[in-house]
Amino acid sequence: MRWGAITVIVAVLLGVSGCGSSGVTNDRLNRAVAPTFANLYVLQQSLRGRKVAAASLNPRADCGRGGPETADSGAGNDWSCTVTWFNTGPNIAVTASYQVHVQTNGCYTADGDGPADLNGRQLITAADGATVTNPLWQFDGCFDTT
Amino acid sequence: MTAVAVAARPAVRGGAWVVYRWELIKLTRQVKAQFVMGLCLLAPFLFVVALNAQSNVPQDTLFGRWVHDTGFSIPLVVLGFAGQWALPAVTSVVAGDIFACEDRYGTWKTILTRSRSRSQIFTGKALAAMTFSVLTTVSLALSSLAAGVLLVGRQPMIGLSGTLLAPGHSAVLVLTSWATVLLPVLGFTGLGLLLSVASRNSVVGVGGPVVIGLVMQLVSLVNAPPIVRMLLLTTPFGAWHGLFTAEPYYGPLVQGAVVSVVYFAVCVGGAYALLRRRDVTGS
């Protein structure tokens, strides 16, 4: 009797939460990666001595997982993102690629996958000649999975 | 006749407080409690010294790639490690033993024939275990923040949305993050108390919460419906991530607080019920 009740409660909870669905979706990842990339891009450019306003970048991220057969949801290290932003004028779009490892807790690590000058090197030379960590080489972020 | 007299005797008021103070005095004399507290105070400094001696960084932990760039990353890296197994282990060292040690030494009959009721003894012991858990967590937090600030520096930190966080703001966020893990830590304290009472065995009481915590960690790594992650007591240890984004999110914190309180209430309630009904005359 008691076990029956527990089974029913668990089944209802699983049903309510949408069994099989995951808190990690490509929509949530897109919305997390784009602004994070933009902020770090502004930081990298200021290290290189160039002033960029985050507001003018209009960043967009398009993230997908594995091949075309794999659903674009769930944690895994086979995510990849293409970030598009507008650099010098409203009509010139620039893109960068990232390999992304997303964890079940909604935190991800993006690893730069080109262009090399932007995110291919761990260390870059700052405007003052110092060697500093390239903020766009790899970066971490988190998003809400609840 | 004697048994009736003992049962009818009214418990002394304020007895739980006496038990609590006495348990705390016992804890300060215990080598294992002293050792764990010392470890919480010293380990972060040793960790930073080891990090500073090499150029590698613990990249697979959040904020790990910034350990040479800002001292505020240190307490967060420590928090990431600690939430995986160290905090459940630290808290259950005392909680898992505080009832079972009376079984080991065969001292239940001695303490239950004093003028303290069972509920007073339970309250005093449970509060002592909770105090130890809170004190060790706070020590680890302050010591890792101090180690980071003193040995690395108070540079601005890059948050989880790529924005720079000023030193003062970073310090507040670090301390808030550590404060949020107090609830799941107390949840594990409750688990330790329950296993300590139920098993009457210190090995189960101390090791049980650690093993359960590790199993929960493994389950949380699997792609599962959100409800499964939500029900694990280890998930609240990561709820602080939302504080470090440009638009902070608090859903995991609220969920984690509710889950931790439920675990704590069920475990401590269960432990109390078991102790109330236990027949100690035969043991």
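Our subject is the structure listed above.
Criteria and cut-off values
Residues numbered from 1 in each chain as written. Chains lettered and ligands numbered in written order. Predicted model: local features only at pLDDT ≥ 70, side-chain atom pairs only at ≥ 80, totals over all residues. Helix = DSSP H or I, 4+ residues; strand = E, 2+ residues; numbered from the N terminus. Buried ≥ 20, exposed ≤ 12 C-beta atoms within 10 Å, placed from the backbone. Core = buried A, V, L, I, M, F, W, Y, C linked by C-beta atoms within 7 Å. Contact = placed C-beta atoms within 7 Å. Pairing = 2+ DSSP bridges. Axes fitted to C-alpha atoms, helices over the stretch in contact; angles between N-to-C directions. Nonpolar A, V, L, I, M, F, W, Y, C, P; charged D, E, K, R; others polar.

**Student:** What is the right way to look at the overall build of chain B in this model?
**Tutor:** A count of helices and strands for chain B gives 12 helices and two strands. Listing every helix and strand of chain B by position from the N terminus yields α-α-α-α-α-α-α-β-β-α-α-α-α-α. Principal axes of the C-alpha set define a box for chain B whose edges measure 75 × 40 × 30 Å. Residue burial in chain B is summarised as follows: out of 283 residues, 44% are buried.

**Student:** What is the right way to look at the nonpolar core in this model?
**Tutor:** Side chains of a nonpolar character, in soluble globular proteins, are inclined to be buried together. V33, C81 and V83 of chain A together with A129 and L193 of chain B are the most contacted members of the largest nonpolar core, which has 97 residues in total. No other element matches helix α7 (residues 118-151) of chain B, which puts 12 residues into this core. For A129 of chain B, the residues in contact, after removing those within four places along its chain, are V94, A95, I98, T189 and L193 of chain B.

**Student:** I would appreciate a short explanation of the sheet that holds strand β1 (residues 60-65) of chain A in the present structure.
**Tutor:** Note on sheets: strands pair through backbone hydrogen bonds, and any given pair is parallel or antiparallel. Residue and element names in this part refer to chain A. Taken together, the five strands give an open sheet; going across it, the order is β1-β2-β3-β4-β7, and neighbouring strands pair in antiparallel fashion. Bordering the open sheet on either side are β1 and β7 (138-142), each of which pairs with just one other strand. For this sheet the average axis-to-axis angle between neighbouring strands, irrespective of direction, equals 30 degrees. With five bridges joining them, strand β4 (residues 107-112) and β7 adopt antiparallel strand pairing. Looking across to β7, one finds that Y108 is bridged to G141.

**Student:** Just checking my understanding: could you explain the interface of chain A and chain B for this structure?
**Tutor:** Accessible area lost upon the coming together of the parts serves often as the stated size of an interface. Listed by partner, the interface residues are 30 residues for chain A and 24 residues for chain B. If one sorts the elements of the side of chain A that touches chain B by residue count, helix α2 (residues 26-47) of chain A sits on top with six residues. Among the residues making up the side of chain A that touches chain B, the classes are represented as 12 nonpolar, 16 polar and two charged.

**Student:** Would you explain the pairing of strand β2 (residues 76-86) of chain A in this entry?
**Tutor:** Residues in a regular strand point their side chains to alternate faces of the sheet. All names here are of chain A. Strand direction decides the pairing type here: β1 and β2, joined by six bridges, are antiparallel. Bridging across to β2, A61 finds its partner in V83. Examined bridge by bridge, β2 and strand β3 (residues 93-102) share nine bridges and lie antiparallel to one another. Within the sheet, the bridge partner assigned to G76 lies in β3 and is V102.

**Student:** What is the right way to look at the pairing of β4 of chain A in this model?
**Tutor:** Residues and elements named next belong to chain A. With five of six residues buried, β4 is to be regarded as a mostly interior element. Pairing geometry for β3 and β4, over five bridges, is antiparallel. Paired with Y98 across the strands is G112, a residue of β4.

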